[in-house]
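# Notes for the structure review
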Amino acid sequence: MDLVEVLPNRLHMLRFPIGQAYLWQDGEALTLIDAGHAGSADGIEEAIRSLGLLPERLERIVLTHCHRDHAGAAGELRARRGARVLAHRSDAPVIRGERPMPEPVLLDWEIPLYAHGLTVPEAPPTPVDHEVEDGEALGFGDGAYVVHAPGHTDGSIGIHLPRHGVLFTGDCVAAVGPLMLGVFNVDRARAIETFHRLAALAPSIACFGHGDPLTVDTAAALAEAAAGTPA
């Protein structure tokens, strides 16, 4: 796992073989945006310690959606550190293991990529302590707000920190190669609508579930990519 600084003393990316998570700092209080795949808890805690921080100060884990490469280690970290797990109400039953994982409608070129993604260990059922709604304040980052972002999954969310100009898109947007609509969507039309909604927030930093964060000309690049996405 790689640890990459995005904002000094505030934001780091944790990159796994497939996918990534983000660690936000409010002083010593920590928030994790997504949690990597099952078995990642030790690596995440090691990364936290390498920053001179304490895993015991992990207060919350906000899951952008229910997929295994994002929710896999959340339950173990919750059990170890007492961190509260937050997710949108539409994905929470999947994360808890009460409903099956929704199947995406794959484009032909996505089929081999999807098969590769399934090599990630399946996420164990994980308690969700709080089910979030669109526009809800999350209590970190000097004001972090939920942006319901359906299309990738029904309960996908973005997290917007307007005072810092930061937007976490989850898998709604990807930056593996050109900036683009995320893949493996359950509803492509809604995913495109979401892409436009996220781009309209005009962040200065965009953090994706796959691909390096965008920190230069971010708002313009998001707007251009959204406008150029075919239906």
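Described in the following lines is the structure provided in the data block.

## Overview of the overall build of the chain
Secondary structure summary: the chain contains seven helices and 13 strands in total. Its C-alpha radius of gyration of 16 Å places the chain within 12% of the 17 Å reference for a compact globule of 231 residues. Expressed along its principal axes, the backbone C-alpha trace of the chain runs to roughly 45 × 35 × 30 Å. Contacts spanning at least 24 positions in sequence make up 63% of the contacts within the chain whose residues lie at least 6 apart. Accessible area for the chain stands at about 9,800 Å²; split by element, carbon and sulfur atoms hold 53% of it. Both charge centroids of the chain, one from 17 positive and one from 31 negative side chains, sit 5 Å from each other.

## Here we look at helix α1 (residues 41-50)
Here α1 has its buried residues at A41, I44, E45, A47 and I48. When α1 is viewed along its axis, its buried side chains cluster within an angular range of 155 degrees and face the same direction. Exposed side of α1, more than 90 degrees from the buried face: D42, E46 and S50 are the residues found there. Those residues of α1 hidden inside the fold are in contact with β1 (2-7), β2 (11-15), β3 (20-26), β4 (29-33) and α3 (74-81). Looking one or two places after α1, you find G52, whose phi comes out positive at around 80 degrees.

## A closer look at the sheet that holds strand β13 (residues 205-208)
Hydrogen bonds between backbone atoms are what pair the strands of a sheet, whose relative direction is either parallel or antiparallel. Overall, mixed pairing links the four strands, which are arranged β8-β9-β10-β13 in an open sheet. Both outer strands of the open sheet, β8 (145-148) and β13, are each paired with one neighbouring strand and no more. In this sheet, adjacent strand axes meet at a mean angle of 20 degrees when their direction is disregarded. Two strands pair when backbone bridges link them, and β8 and strand β9 (residues 157-161) are joined in this way by four bridges, in the antiparallel orientation. When the bridges of β9 are listed, H148 appears paired with I157.

## Some details on the packing of α1 against α3
Their axes nearest at 9 Å, the elements α1 and α3 cross at an angle of 60 degrees. Taken together, α1 and α3 sit at an angle that is classed as oblique. Side by side, α1 and α3 meet where A41, D42, I44, E45 and R49 of the first sit next to E76, L77, R80 and R81 of the second. Of the residues assigned to the contact of α1 with α3, the class counts are three nonpolar, no polar and six charged.

## Let's talk about the pairing of β1
Consecutive side chains along a regular strand alternate between the two faces of the sheet. Relative to β2, β1 runs antiparallel, the two sharing five bridges. Bridging across to β2, L3 finds its partner in L14.

## Let's talk about the packing of aromatic side chains
Under the defined criterion, the tally for this structure stands at two aromatic pairs. With a centroid separation of 5.2 Å and an interplanar angle of 70 degrees, the aromatic rings of Y114 and F184 are classed as edge-to-face. Separated by 70 residues along the polypeptide, Y114 in helix α5 (residues 111-117) and F184 in the loop between β12 (180-181) and α6 (188-199) bring together distant segments of the chain. Summarising the burial analysis for this pair, Y114 and F184 share the class buried.

## Some details on the pairing of strand β6 (residues 84-88)
When you tally the buried positions in β6, you get four out of five residues, the bulk of the element. Bridging between strand β5 (residues 58-62) and β6 involves three bridges; their strand directions are parallel. Looking at β6, one finds that I61 is bridged to V85. In this structure, β6 lies alongside strand β7 (residues 130-132), joined through three bridges in parallel fashion.

Conventions and cut-offs
- Residues numbered from 1 in each chain as written.
- Predicted model: local features only at pLDDT ≥ 70, side-chain atom pairs only at ≥ 80, totals over all residues.
- Heavy atoms only, no water.
- Helix = DSSP H or I, 4+ residues; strand = E, 2+ residues; numbered from the N terminus.
- Rg over C-alpha atoms; globule rule 2.2 N^0.38 Å.
- Contact = heavy atoms within 4.5 Å.
- Areas by Shrake-Rupley, 256 points an atom, 1.4 Å probe, with all protein chains shown as cover.
- Lys, Arg positive; Asp, Glu negative; His and termini not counted.
- Charge placed at Lys NZ, Arg CZ, Asp CG, Glu CD.
- Buried < 20%, exposed > 50% of the residue type's maximum accessible area, 1.4 Å probe, protein only.
- Arc of directions from axis to C-beta.
- Pairing = 2+ DSSP bridges.
- Axes fitted to C-alpha atoms, helices over the stretch in contact; angles between N-to-C directions.
- Parallel < 35°, antiparallel > 145°, perpendicular 65-115°, else oblique.
- Nonpolar A, V, L, I, M, F, W, Y, C, P; charged D, E, K, R; others polar.
- Phe/Tyr/Trp six-rings, centres within 6.5 Å; stacked < 30°, edge-to-face > 60°.

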